[in-house]
Amino acid sequence: MAEACHLQGIDPQAFLNQLADYTTTETAPEVNPAALSLSELADHIERIHHAYLHAELPRLDQMVTKVARVHGDKEPRLHQVKDIFLALSAELATHLMKEEQILFPMIRQLETSDTVPSFHCGTIANPVRQMEFEHDEAGVVLAQLRQLTDEFTPPEWACNTYRALLDALLTFEQDMHQHIHKENNVLFPRGMALEQQKAG
């Protein structure tokens, strides 16, 4: 490691310090969403999962398009992978915007208010139901991607880009499952319960 750092002009101790900082941040899997306040959990989801999607979706869009173009004749399912992924990516962009600009601010406002705020959509349960419906749709697409790629397993002849795409899609699936779990099973039920409690 010291030699690799030297070749890159990096101080080995500084590198180790950064690595230690990284492994103790909330990106580590041991974050317990149930231990966070609603506002903290919404912030965590935006910082970790939304930020990941904002960065990764454009990269995956390009990768899936390239791999389908180059290898689609040999593996026709790659055209299906491309089409359903690009559709999901577009849906997720709108989904994230609705959470960041509508639902999450409502949850934060609810948590800091003494009474139930007057929301434009009535109750917080209305946007929650829509987000859960969209999560279910995303889950169907994730299952399709897994099936069309043989569990994200590359064929023997796959090039490095093809293999990198399948690795990235597997990581994407794993992050989406964590993301949706934190919302569907923790943030949303607690937000609706708090609204009912403050309503009397």
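**Quick look at the overall build of the protein chain**
And step 1. Along its length, the protein chain carries six helices and zero strands.
And step 2. Going from N to C terminus, the protein chain has its helices and strands arranged as α-α-α-α-α-α.
And step 3. Once local pairs closer than 6 in sequence are excluded, the contacts in the protein chain between residues at least 24 apart make up 73%.
And step 4. Carbon and sulfur atoms make up 54% of the accessible area of the protein chain, which totals about 11100 Å².

**Side note on the nonpolar core**
And step 1. Ranked by internal contacts, the top residues of the largest apolar core, which has 29 residues, are Leu-53, Leu-60, Phe-85, Leu-165, Leu-169, Phe-172 and Met-176.
And step 2. Within the residue set of this core, elements represented by two or more residues are α3 (38-71), α4 (77-112), α5 (125-148) and α6 (160-199).
And step 3. For Leu-169, the contacting residues outside a window of four places in its chain are Leu-60, Val-81, Phe-85 and Phe-152.
And step 4. In terms of nonpolar packing, the next biggest core, distinct from the first, is built from 17 residues, Leu-103, Ile-107, Val-128 and Met-131 among them.

**Quick notes on the packing of aromatic side chains**
And step 1. For the coordinates displayed, the defined rule picks out two aromatic pairs.
And step 2. Here Phe-85 and Phe-172 contribute two aromatic rings whose centre-to-centre distance is 5.4 Å and whose plane-to-plane angle is 70°, an arrangement assigned as edge-to-face. Taken together, the positions of Phe-85 in helix α4 and Phe-172 in helix α6 put the pair 87 residues apart, joining distant regions of the chain.
And step 3. A relative accessible area of 0% places Phe-85 in the buried class.
And step 4. Aromatic side chains Trp-157 and Tyr-162 sit 5.6 Å apart centroid to centroid with 65° between the ring planes, which places their arrangement in the edge-to-face category.
And step 5. Given a relative accessible area of 33%, Trp-157 falls into the partly exposed group.
And step 6. The exposure class of Tyr-162 is buried, given its relative accessible area of 4%.

**Overview of α5**
Since one α-helical turn is 3.6 residues long, residues separated by three or four positions face the same way.
And step 1. Between the first and last C-alpha of α5 there are 35 Å, a value that for 24 residues agrees with the 34 Å anticipated at 1.5 Å per step.
And step 2. Along α5, the residues classified as buried are Ala-125, Pro-127, Val-128, Met-131, Glu-134, His-135, Ala-138, Val-141, Leu-142, Leu-145 and Leu-148.
And step 3. Just downstream of α5, Asp-150 is the residue with a positive phi angle, here 55°.

Basis of the calculations
Residues numbered from 1 in each chain as written. Predicted model: local features only at pLDDT ≥ 70, side-chain atom pairs only at ≥ 80, totals over all residues. Heavy atoms only, no water. Helix = DSSP H or I, 4+ residues; strand = E, 2+ residues; numbered from the N terminus. Contact = heavy atoms within 4.5 Å. Areas by Shrake-Rupley, 256 points an atom, 1.4 Å probe, with all protein chains shown as cover. Core = buried A, V, L, I, M, F, W, Y, C linked by side-chain atoms within 4.5 Å. Buried < 20%, exposed > 50% of the residue type's maximum accessible area, 1.4 Å probe, protein only. Phe/Tyr/Trp six-rings, centres within 6.5 Å; stacked < 30°, edge-to-face > 60°. Expected span 1.5 Å × (residues − 1).

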